[in-house]
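# Structural characterization, general
Below are the chains, spelled out letter by letter.
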Amino acid sequence: MYILPKFLQQSPQAEVVAAVDLGSNSFHMIVARFKDGQIHVLDRLKEMVRLGGGLDKYNYLSEESQQRAIDCLARFGQRLQDMPVDSVRVVGTNVFRAAVNAEDFLPQAEQALGHPIEVVSGREEARLIYLGVAHTLASTDEKTLVVDIGGGSTEFIIGQKFDTLERESLSMGCVSMTQRYFANGEIKAKPMRRAEIHAQQELQVIKYQFKELGWDMAIGAAGTLRSVERVIREMGWDNKISRQGLQRLKAVLLEAEHIDNLKLKGLSARRTPVFPGGVAIISGIFDALGLESMKASDSALREGVVLDLFGRIAHEDTRETTIHNLMSRYLVDAQQAKQVENTALAFLEQTSENWHLNQEESAAMLSWAARLHEIGLSIAHDSYHKHGEYLITYSDLAGFSRQEQAFLATLVRSHRRRVPTSICETCSPSEKAKLQRLCILLRLAVLVHRSRTPIEQMPEIVLQTTDSGIKVRFPPQWLEKHPLTHADLEQEREYLKEIQIVLDFE
C-alpha cells in the first residue's frame, strides 16, 4: 500500500506513466498506473550497465560503456515506444553530470530510447529520492534521514512527511570507490580503512548541519544499501543494517581477500564487483553521522520520478512552486511579470502552429521566463538580464532538469539588448530554433510593457511569422500615439537582424 501526497489522494485520474533512472551503476525502469488513490506498478526492468565504470581519469566515457548503455536503452525503448512523450520521464544522474563527453553521448542515447533524457543536479536527485521513499512510510511527523548510495554519488536527505528539510549530494559512489581502492578485486585492511576515511572526509561538509537538525529514523535507498541489508539478514547477523552487522560483514570481506572468493548469502553476482566500495561508504557514513542502525527501503529515485510525474499530471508541478519562491525571494514586481506573461502567452498562441512550437511545453517555459525576467534587478539595474541568467543558472531549482534550467537562464539572459550570437551552441538545430523563437516572443512582450503602467486592455496586436522573420501589426495610429514603443521596435529590428531574423511592424 502506498501513502500518497495530498494532491493525489483524491484524484480521479487513471494514468499510466513510466520513469527511467539512468544511474552510474544500473539503469532502472518502472511503469505504473495511478487509479483509485493508489499507484499500481505494472512493469519493472533493471540492467547493470556500469556506465560510471567507463569513465577514464579525464572523465571521458569509453566507447564500450556508451555502447552498453545504448543497447540497454534500445531494449527499454521497445517497452516505451507506444507511450506519449509527456507520460515518460527519463532522469540521468551523476555519470551524466560528470562525463565530459555527455553532450555527444546524449543524442545517441535519446535516439535509442525514443525519449528525451533530463540530466538532474545532485540536489534535485536527492529531492526525487526522498519523494520515492516518503510514500512508503507511515504517516508520521517524525524526521527521517534518507541515504542513497549510487554508482558515482551519494545523496543525503532529512525530510518530514513529503517535505525535504535538508538535501545534499556528495561525489562518492560504490563504483568510484571500488575503482579507487579495490580496483584489482583485492580486499585488504588498509585500502578498506582508507576508503572509510575517504567517505568520512566527504561527509565533513554536511555532517554538522545534518546532526544539528537531527532525525528520528534512518532509511537506506537503492541497490547498495538493500544488498548490504539482505546479506546481513540472510547471514543471520541482524534484521537491519547495524553497526555490529557491518563489522561482521567487513571481517568476512577481509578474510576473503578477493571478490572472487566472496561467498555471502544474499549477494548477487551482478552486485559483487562494486560491493566492497559500497560497504566502505556505509561504514564511513555510520561513523561520521553516529548511526547505530538503518532500515532499507524498496523505493528510491524511480518511484520519486513517478510521483513527481503524477504531480505534474494533477497540476501540482514542483517547478511552479520553485518559480513562485524565486519571485518572492528576489522581490520581483509581480504585476509587471504578470502583464508580460499574459502578453507573451497571447503571442505564443498566435505563432505556435506556424513556428512548430509545442503549445503546452513552450507555454510553461515562456511563462516561467516572463515571471523571472526581472529577477536580476535584485542585484543591480545595469545588465540585470545577465544577473538574472547567473541567478537562475546557479540556484537550486527544485523540479528542473539541468537542460530546463539552462534553457530558462538563456531566455532570461536574452530578453533584452543584444541576443547572444552564441545562443544555445550545444543545442540541436530544432532546439536552437525553439529557443530563439520563444526569446523573440518574450522580447516583444517586454517591449510592449516597457512603460510598466497597468494596461486594462491590450491593443489588438497581430503576429505573422515565417521561418526567418516576424511581422507585428498594431491597430491604426497606435504606434503614432506611442512613440517610445515605435523607437523600441526600430532598435529591436536591429538587434534581431544580428541573428538573421527579420522584424517588420506597422
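Coordinates for the structure precede this section.
Residues numbered from 1 in each chain as written. Predicted model: local features only at pLDDT ≥ 70, side-chain atom pairs only at ≥ 80, totals over all residues. Heavy atoms only, no water.

## Observations regarding the sheet that holds strand E10 (residues 241-242)
Just so we agree on the cut-off: Here the rule is simple: two strands pair whenever DSSP picks up at least two bridges between them. Here a strand is any run of E in DSSP of at least two residues, a helix any run of H or I of at least four, and the numbering for each starts at the N terminus.
Strand order in the open sheet formed by six strands is E8-E7-E6-E9-E11-E10, with mixed pairing between adjacent strands. Only two strands of the sheet have a single partner each, and these edge strands are strand E8 (163-170) and E10. Taken together, the five bridges between strand E6 (residues 143-149) and strand E9 (residues 217-221) define a ladder with parallel strand orientation. From the neighbouring strand, Val147 faces E9, where its bridge partner is Gly220.

## Focus on helix H11 (residues 275-289)
Let me state the cut-off plainly: Helix span is expected to be 1.5 Å times the residue number reduced by one. Each residue gets one of three labels from its accessible area relative to the maximum for its type: buried under 20%, exposed over 50%, partly exposed in between, using a 1.4 Å probe on protein chains only.
In a regular helix each residue adds 1.5 Å, so 15 residues correspond to 21 Å; H11 covers 21 Å between its end C-alpha atoms and thus fits that length. Summarising burial for H11: 14 of the 15 residues are buried, a large majority. In the segment just after H11, Gly290 is the residue with positive phi, at about 70°.

## Let's talk about the pattern of salt bridges
Which entries qualify depends on this criterion: Basic side-chain nitrogens of Lys or Arg form a salt bridge, by our definition, when they fall within 4 Å of a carboxyl oxygen of Asp or Glu.
The full count for this structure, using the stated rule, is 41 salt bridges. The salt bridge involving Arg167 is made with Asp396; its shortest N-O contact spans 3.1 Å. With Arg167 in strand E8 and Asp396 in the loop between helix H16 (384-394) and helix H17 (402-413), the pair connects residues that are 229 residues apart, well separated along the chain. Assessed through its relative accessible area of 31%, Asp396 is described here as partly exposed. Between Asp238 and Lys240 there is a salt bridge whose closest N-O contact spans 3.5 Å. By relative accessible area, which is 22% here, Asp238 ends up partly exposed. You can call Lys240 partly exposed: its relative accessible area is 24%. Members of the salt-bridge network, linked through shared partners, are Arg89, Glu118, Glu124, Arg127, Asp308, Arg312, Asp317, Arg319 and Glu404.

## Points about the pairing of strand E4 (residues 88-92)
Most of E4 sits out of view: five of its five residues are buried. Neither face of E4 is exposed, since Val88, Val90 and Gly92 on one face and Arg89 and Val91 on the opposite face are all buried. As paired elements, strand E1 (residues 15-22) and E4 share five bridges and run parallel to each other. Looking across to E4, one finds that Leu22 is bridged to Gly92. Of the pairings in the sheet, the one linking E4 to strand E5 (residues 118-119) comprises two bridges and is parallel in character. Bridge pairing links Gly92 to Val119 in E5.

## Some points on the packing of helix H14 (residues 334-351) against helix H18 (residues 429-448)
Which entries qualify depends on this criterion: Here an axis means a line fitted to C-alpha atoms, over the contact stretch when the element is a helix, while the angle between two N-to-C directions is reported on a 0 to 180 degree scale. For classification, angles of less than 35 degrees are called roughly parallel, those exceeding 145 degrees roughly antiparallel, those between 65 and 115 degrees roughly perpendicular, and all remaining angles oblique. Here is the rule for handedness: rotate from the far helix to the near one, and if that takes an anticlockwise turn smaller than a right angle the crossing is left-handed, while a clockwise turn gives right-handed. Any two residues whose heavy atoms approach within 4.5 Å at even a single point are treated as in contact. Here the nonpolar group is Ala, Val, Leu, Ile, Met, Phe, Trp, Tyr, Cys and Pro; Asp, Glu, Lys and Arg are the charged ones; every other residue, Gly included, is treated as polar.
Closest axis-to-axis distance for the H14/H18 pair is 8 Å, and the angle between their directions is 135°. For the element pair H14 / H18, the angle class is oblique. The way H14 lies across H18 gives a crossing that is right-handed. Together, Val340, Thr343, Ala344, Phe347, Leu348 and Thr351 of H14 and Leu438, Leu441, Leu442, Leu444, Ala445, Val446 and Val448 of H18 make up the contact between the two elements. When the residues that make up the contact of H14 with H18 are grouped by side-chain class, the tally is eleven nonpolar, two polar and no charged.

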